[in-house]
Amino acid sequence: MLKAAGVGVGDEVIVPAFGNVEVAQAVARAGALPVFADIDPVTYCVGPAAVEAVVGPRTTAIVAVHRFGRQADMARLYEIGQRHGLLVLQHGENQAPRDEVAQRRQRAGYLDARLRGVRTPEGGDGHTYQQYVVRVPGNGRPDRDAFARAVRAKGVECRVPVKTPVHRLPEFWRCVSLPETERAAGETLALPVDASLTKRDMQRIVAACNALGGLLEPAF
């Protein structure tokens, strides 16, 4: 899509650094330079204000990435694109069937009401919970990772959704300030909300997390 729109050498394309390295790779394959913008800490999608802050004379496009079942603020991004004459593209997620989404929302509601010691996700309009992403309080990555290891030891599957932001990968290293991206990469943890989970599974998730309280000491 970037190539078809004429994006190429000498152009800059604004993208998020929170996951989705393939988006930055696609920009590079088109011959353009990916420019990283910070995310909204609630939706984990690229933030319109952060996008506006990095628009420059060589900017030709914005690529918004929808994350974890939340949508980027496309209305504001399109407004920015129109004002600066930029192409605005979306990179979506595979959509689950409606009945599966309903069951994911039900399980997410169960966790919302019972989890303690972690910050649960804000639902928002249309959240499909492709992933149920919580934040583990503490002083950065060691706390979240120690929490994840302890939860797994209790038989609960969980995963770190973004281990390293794209702007910290050798291929795309940039010395830029993306505080919300860095914070999210160090605090977020995806807990299961699959439609196949039973009530006993959900109780096990809650018991494992609440027993830890989200306040483990860093492991050095």
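What comes next is a walk through the structure. (Residues numbered from 1 in each chain as written. Predicted model: local features only at pLDDT ≥ 70, side-chain atom pairs only at ≥ 80, totals over all residues. Heavy atoms only, no water.)

### Structural notes on the pattern of salt bridges
Scanning all chains against the criterion turns up nine salt bridges. The shortest N-O distance in the salt bridge between Arg104 and Glu100 comes to 3.3 Å. Of this pair, Arg104 and Glu100 both sit in helix α4 (residues 98–114), four residues apart, which is roughly one turn of the helix. Overall, the relative accessible area of 10% leaves Arg104 in the buried class. Overall, Glu100 belongs to the partly exposed group, its relative accessible area being 25%. (Salt bridge = Lys/Arg side-chain N within 4 Å of Asp/Glu carboxyl O. Helix = DSSP H or I, 4+ residues; strand = E, 2+ residues; numbered from the N terminus. Buried < 20%, exposed > 50% of the residue type's maximum accessible area, 1.4 Å probe, protein only.)

### A look at unusual backbone geometry
One non-glycine residue, Asn20, lies in positive phi territory at about 60°. Its identity is not glycine, yet Tyr44 carries a phi of approximately 65°, on the positive side. Position of Tyr44 among the secondary structure elements: in the loop between β2 (33–37) and α2 (48–54). On the basis of relative accessible area, Tyr44 is assigned to the buried category, the value being 7%.

### Quick word on the nonpolar core
Among soluble globular proteins, nonpolar side chains are generally buried collectively. Of all hydrophobic cores here, the largest spans 25 residues; its most connected members are Leu111, Leu115, Tyr132, Phe147, Leu189, Leu191 and Ile205. At six residues, the largest contribution of residues to this core is made by helix α7 (residues 199–212). Val13, Phe36, Val65 and Phe172 belong to the second largest nonpolar core, which has 18 residues in total. (Core = buried A, V, L, I, M, F, W, Y, C linked by side-chain atoms within 4.5 Å.)

### Comments concerning the pairing of strand β1 (residues 12–16)
Counting buried residues along β1, five of its five residues qualify, which places the element largely inside the surrounding structure. Residues of β1 alternate between two faces, with Glu12, Ile14 and Pro16 on one and Val13 and Val15 on the opposite face, all of them buried. Pairing between β1 and β2: five bridges, direction parallel. Residue pairing for β2: Pro16 is matched across the bridge by Ala37. Traced from β1 through helix α1 (residues 21–29) to β2, the parallel crossover comes out right-handed. Both β1 and strand β3 (residues 59–65) contribute to a ladder of three bridges, which runs parallel. Pairing of Glu12 across the sheet is with Thr59, part of β3. (Pairing = 2+ DSSP bridges. Right-handed = clockwise from strand over helix to strand, strands pointing away.)

### What to know about the packing of aromatic side chains
Per the counting criterion, the structure on display carries four aromatic pairs. Centroid distance Phe18 to Tyr44: 5.7 Å. Interplanar angle 20°. Geometry classified as stacked. Taken together, the positions of Phe18 in the loop between β1 and α1 and Tyr44 in the loop between β2 and α2 put the pair 26 residues apart, joining distant regions of the chain. Note on Phe18: relative accessible area 1%, which makes it buried. An aromatic cluster of at least three residues, connected via ring pairs, comprises Phe18, Tyr44 and Phe68. Directly above the aromatic system of Trp173 lies the positively charged group of Arg168, at a separation of 5.0 Å from the ring centroid. (Phe/Tyr/Trp six-rings, centres within 6.5 Å; stacked < 30°, edge-to-face > 60°. Lys NZ or Arg CZ within 6 Å of the ring centre and 35° of its normal.)

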